[in-house]
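As a plain string of letters, each chain reads:
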Amino acid sequence: MPRPDPELPPAHDAHLHAATLKRLEQSSGRLAANAIARMDESLPWYRAMPPENRSWIGLVAQAGIAAFTEWFRHPETPQAISTDVFGTAPRELTRAITLRQTVEMVRTTIEVMEAAIDEVAAPGDESVLREALLVYAREIAFATAQVYAQAAEARGAWDARLESLVVNAVLSGEADEGAVSRAAALGWNSPEHVCVILGTAPDGDSELTVEAIRRAARHAKLQVLTGVLGNRLVVIAGGSDNPLQVAKGLIGPYAAGPVVAGPVVPDLLAATRSAQAAAAGLKACSAWQDAPRPVLADDLLPERAMAGDPAARDQLVEEIYRPLEEAGSALLETLSVYLEQASSLEGAARMLFVHPNTVRYRLRRVTDVTGWSPSDVRSAFTLRIALILGRLAAADPQS
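Residues numbered from 1 in each chain as written. Predicted model: local features only at pLDDT ≥ 70, side-chain atom pairs only at ≥ 80, totals over all residues. Heavy atoms only, no water.

## Observations regarding helix α6 (residues 99–115)
Heads up, the rule is: By definition, any uninterrupted DSSP run of H or I lasting at least four residues is a helix, any uninterrupted run of E lasting at least two residues is a strand, and each is numbered from the N terminus. By this rule, a helix spans an expected 1.5 Å times one less than how many residues it contains. A 1.4 Å probe rolled over the protein chains alone gives each residue an accessible area, and that area as a share of the maximum for its type sets the label: buried under 20%, exposed over 50%, partly exposed in between.
Its 17 residues give α6 an end-to-end C-alpha distance of 24 Å, which sits within 8% of 24 Å, the value for a rise of 1.5 Å per residue. Listing the buried residues of α6 in full gives Gln101, Thr102, Glu104, Met105, Val106, Thr108, Thr109, Ile110, Val112 and Met113.

Listed below in structure tokens is the structure:
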């Protein structure tokens, strides 16, 4: 940022300008000390800071006054004020001191310098020094904004890379303690309930998509880690035990097409399981053309199993077939016959030589045991696939 070129005193007043400059040089140390004392008196956050950071702030204040003196000496020479002033402090200081605190620091220093104008300026040169200080204060404000904007851009780019690493690790099944540490650095507070939402990413700037997800997450009071990987928009959401509700709250930024919510898992390390289920569901979703949007990965178990997902096959066997088998052969037999008879109570009762009410009772027991109702068309399809897989597993225990 070039230095301003305010109007200087006319030539016949040059001696006043020289005298003011000399007095300004002699007073710079005292002005810096007064600015530090004023900060210590009026800024509680400054008093609470570690000595190291306070010393850096003192150097910044001294550099600001020195840079003003040099600018007042040669206003026609373009130099970068941000380099003159903020280059004395380490880059980490922008993390330790907020933009608001920096503005307060600059304001305090400028106020101290303004209060000393009548004392520092040569008689008759007060208005020139005051005008120069006002212009310089404006440039310092711009320089402050520039420094923090650059720091925010660098931090944002670094955070985006970290977030992408975490999301990719979860999706690829490589999540470990390193991924957990990186997520913590991004503000992930280890919520108890975590799920992964997958869908198609919209065309255009992926950063805008990610920011839209974050806005939706803040509205839904969720923690999220998100990223666009290829043509997929991946969201790791924490803070709710209802994955369908989570997906509905975050669905806005997704492109047209299926959106699949993986099951809830206890933490980020286990999120790989949710991500794999969601990915398998997204792959198999084309087989269920009337699937709701969003849809749970567990509601796609039949399609996932038929598409070759071993986790879905195991889940159907372990959560449907095994419990029915353990509940007694009557339930398995009744369910099988009922499905073969096109869900006819009377037909199943005739084949089983029992009363229709007995069939009805046993089907209610099937629902109680599995959570799937044989009278519902979609549930009946899931139950049928579970029976087939269970029988295949029973016939070949090594499979």
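Let us keep going from here.
## A closer look at the sheet that holds strand β1 (residues 194–200)
This is how the line gets drawn: For two strands to be treated as a pair, DSSP must find no fewer than two bridges joining them. Only heavy atoms matter for contacts: two residues are in contact if any of them lie within 4.5 Å across the pair. Geometry is summarised by axes, namely lines fitted to C-alpha atoms with helices restricted to the contacting stretch, and by angles between N-to-C directions that run from 0 to 180 degrees.
Strand order across the open sheet formed by five strands is β2-β3-β1-β4-β5, with mixed pairing between neighbours. Single-partner strands in this sheet number two, and they are β2 (223–229) and β5 (295–296). Two strands pair when backbone bridges link them, and β1 and strand β4 (residues 259–261) are joined in this way by three bridges, in the antiparallel orientation. Paired with glycine 199 across the strands is valine 259, a residue of β4. Strand contacts of helix α11 (residues 243–250): β1, β2, β3 (232–238), β4 and β5, with the helix running at about 45° to β1, the strand carrying the most contacts.

## Considering the packing of aromatic side chains
Two aromatic rings are characterised by how far apart their centres lie and by the angle between their planes. We apply this condition: Ring pairs are drawn from Phe, Tyr and Trp, using the six-membered ring of Trp, whenever the two centres fall within 6.5 Å, and their geometry is named by plane angle: stacked under 30 degrees, edge-to-face over 60, tilted for the rest. Distance and angle both matter: a charge sits over a ring if NZ of Lys or CZ of Arg is within 6 Å of the ring centre and within 35 degrees of the ring normal.
Scanning all chains against the criterion turns up two aromatic pairs. Arranged with centres 6.3 Å apart and planes meeting at 85°, the rings of tryptophan 45 and tyrosine 46 form a pair that is edge-to-face. When sorted by exposure, tryptophan 45 lands in the same class as tyrosine 46, which is buried. The side chain of arginine 378 reaches across the aromatic face of tryptophan 288, ending 3.5 Å from its centre.

## With respect to the side chain of arginine 304
Under the convention used in this document: Throughout this description, a polar contact denotes any pair of N or O atoms lying within 3.5 Å of each other; where both atoms belong to protein, one of them has to be capable of donating a hydrogen while the other can accept it, and for residues adjacent in sequence the pair is counted only when both atoms sit in side chains.
Looking at the secondary structure, you find arginine 304 in helix α13 (residues 301–306). At 3.0 Å, the side chain of arginine 304 forms a polar contact with the backbone oxygen of alanine 297. In this structure, arginine 304 is in contact with Ala277, Ala280, Gly281, Ala284, Ala297, Asp298, Asp309, Ala311 and Ala312, ignoring residues within four places of it in sequence.

## Structural notes on the nonpolar core
To keep things clear, this is the line we draw: What we call a nonpolar core is a set of buried Ala, Val, Leu, Ile, Met, Phe, Trp, Tyr and Cys residues that are connected through their side-chain atoms within 4.5 Å.
The biggest cluster of nonpolar side chains holds 36 residues, and the ones touching the most others in it are Met39, Trp45, Ile57, Phe68, Phe72, Met105 and Leu129. Counting residues per element, the ones that place at least two in this core are α1 (14–42), α2 (44–47), α3 (51–73), α6, α7 (117–120) and α8 (126–172). Not counting chain neighbours up to four residues away, the residues in contact with isoleucine 57 comprise Ile36, Met39, Trp45, Tyr46, Met49, Ile97 and Met105. Residues Ala175, Leu229, Val234 and Trp288 belong to the second largest nonpolar core, which totals 29 residues.

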